[in-house]
Amino acid sequence: MGETTSLEERFQSYVDGENKIEPKDWMPDAYRKTLIRQISQHAHSEVVGMLPEANWITRAPSLRSKLILLAKVQDEAGHGLYLYSAAETLGADRQDMVNDLLNGKAKYSSIFNYPTSSWADMGAIGWLVDGAAIQNQVMLCRTSYGPYSRAMVKICKEESFHQRQGYEIMMNLASGTPEQKEMAQEALNRWWWPSLMMFGPTDANSPNSAQSMKWKIKRKSNDELRQEFIDKTVPQAEFIGLTVPDPDLKWNEEKGQYDFGTINWDEFFEVIKGNGPCNKQRLTDRQKAHKEGAWVREAANAYSNKRASKSKSTTAA
Amino acid sequence: MEKDNWKIWEVFIRSKNGLSHKHVGSLHAPDEEMAIKNARDVYTRRSEGVSIWVVPSDQITASSPDEKEPLFTPSDDKVYRHPTFYEIPDEVGHM
């Protein structure tokens, strides 16, 4: 017991000294568990995040926008893979994580349980959803666990393209015909509040945050990140003549930040519980994609087995 | 649910000729050929590399963090191995 305490104390002071923890270093079990949960959920979010956008690949309005969307969806797959790799360095098993997602046992970001009903949603997702993700991920570049931090650095570089291409879609629609502008406004109306919910419950209702901050897994609280995102995004909406759907939104001169309305947390917890508009569809689509890819995995296995047995027989001879 | 036995591979990328390969992460693949193909898709989507190495993770032997002291502290007190240890008059010029 005494020894455990001293190991934990040493770990904490190492982290307090802004040192990174690497896979083979000693770490408290709870630190490892928290990271495995957070990183695997993050990975699942990237993977499920492909689905709402894949919905528009075949209907992209131009070849240019189709190429961009394909590249973005491919990036999300890559991000999922970087993150699964990072979780594996903590001893998590890849197949277990994938199975947990397919079984519906694992959680992923609730934002992907909302439908993408118009092309403008591709703009709103890039601008707002990727924008909110970047806000969180820039902070995570400085997380105390080395492999997670390195994955985040790579992801942030790529996400910047995602946000800019999304804003460009919104910009083009907002400066188009009245109908196009209306499309952009309507997408902003639907995505604004769910994007704010991406940062998670308020600090008062986020019991695990304090420990994560102490271990420097997180560097900023949910509310801080949310506020920064709002302050950054509202002027971007104004610039293209769109209105943020919050009647209580007001610049607070004294605080130097925006005051904003109350978030509908009932909706947030309902979607987490599985009652969002698309929870079932996302899971079914993911299971279907996995099943339809089975033959590729089998073929790859068969081919590598064949090559292995061939090289064995050559060695034997 | 199914279990595959795809190995974990560590991926090293040379970003351009003249530089060393650098570790960039890992991935799963059934054999070395697929590992190279996957590495291309996962780690070089934006011209990050001109050459890829893949190594099965279980083939890497790593030093243990517990050995950090005996392995690395002996060099800490050998300041005379650094050029700044020696005082050379300015008049001598750059050396």
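Note that the structure is a prediction, hence the values are computed from the model and not measured.

With that out of the way, let us pick up the environment of Q74 of chain A. Residues and elements named next belong to chain A. Locating Q74 in the fold gives a position in helix 4 (residues 63–88). Q74 sits in the partly exposed class, given a relative accessible area of 40%. Separated by 27 residues in sequence, Q74 and V47 have C-alpha atoms that sit 9.9 Å apart.

The partner chain B presents 26 residues to the 28 residues of chain A that form the contact. Together, the buried faces of chain A and chain B total about 2200 Å²; carbon and sulfur atoms form 43% of this surface. Linking chain A with chain B are 7 salt bridges. Of the charged contacts, one joins D75 of chain A and R45 of chain B as a salt bridge, the two residues approaching to 2.8 Å between their closest N and O atoms. Counting across the interface, chain A meets chain B through 14 residue pairs in polar contact (both at pLDDT 80 or more). Broken down by element, the residue count for the side of chain A that touches chain B peaks at 8 residues, all from helix 4 of chain A.

All names here are of chain B. A cluster of nonpolar side chains, namely V79, Y80, F85, Y86, I88, V92 and M95, defines an oily patch on the protein surface of about 750 Å² accessible area. Tracing the sequence through the fold places V79 in the segment after helix 2 (68–72). A relative accessible area of 45% places V79 in the partly exposed class.

Residue and element names in this part refer to chain A. A positive phi angle, close to 65°, is found at E18, a residue other than glycine. Examined against the element boundaries, E18 turns out to sit in the loop between helix 1 (2–16) and helix 2 (29–48). With a phi close to 60°, K216 is a non-glycine residue in the positive phi region. Residue position: K216 is located in the loop between helix 9 (209–214) and helix 10 (222–239). Classification of K216 as buried rests on a relative accessible area of 19%.

What counts as what
Residues numbered from 1 in each chain as written. Chains lettered and ligands numbered in written order. Predicted model: local features only at pLDDT ≥ 70, side-chain atom pairs only at ≥ 80, totals over all residues. Heavy atoms only, no water. Helix = DSSP H or I, 4+ residues; strand = E, 2+ residues; numbered from the N terminus. Buried < 20%, exposed > 50% of the residue type's maximum accessible area, 1.4 Å probe, protein only. Contact = heavy atoms within 4.5 Å. Buried area = accessible area lost by both parts, 1.4 Å probe. Salt bridge = Lys/Arg side-chain N within 4 Å of Asp/Glu carboxyl O. Polar contact = N/O pair within 3.5 Å; in protein donor to acceptor, adjacent residues only side chain to side chain. Patch = residues over 30% accessible without salt bridge, like charges linked within 9 Å, V, L, I, M, F, W, Y side chains within 5 Å. Areas by Shrake-Rupley, 256 points an atom, 1.4 Å probe, with all protein chains shown as cover.

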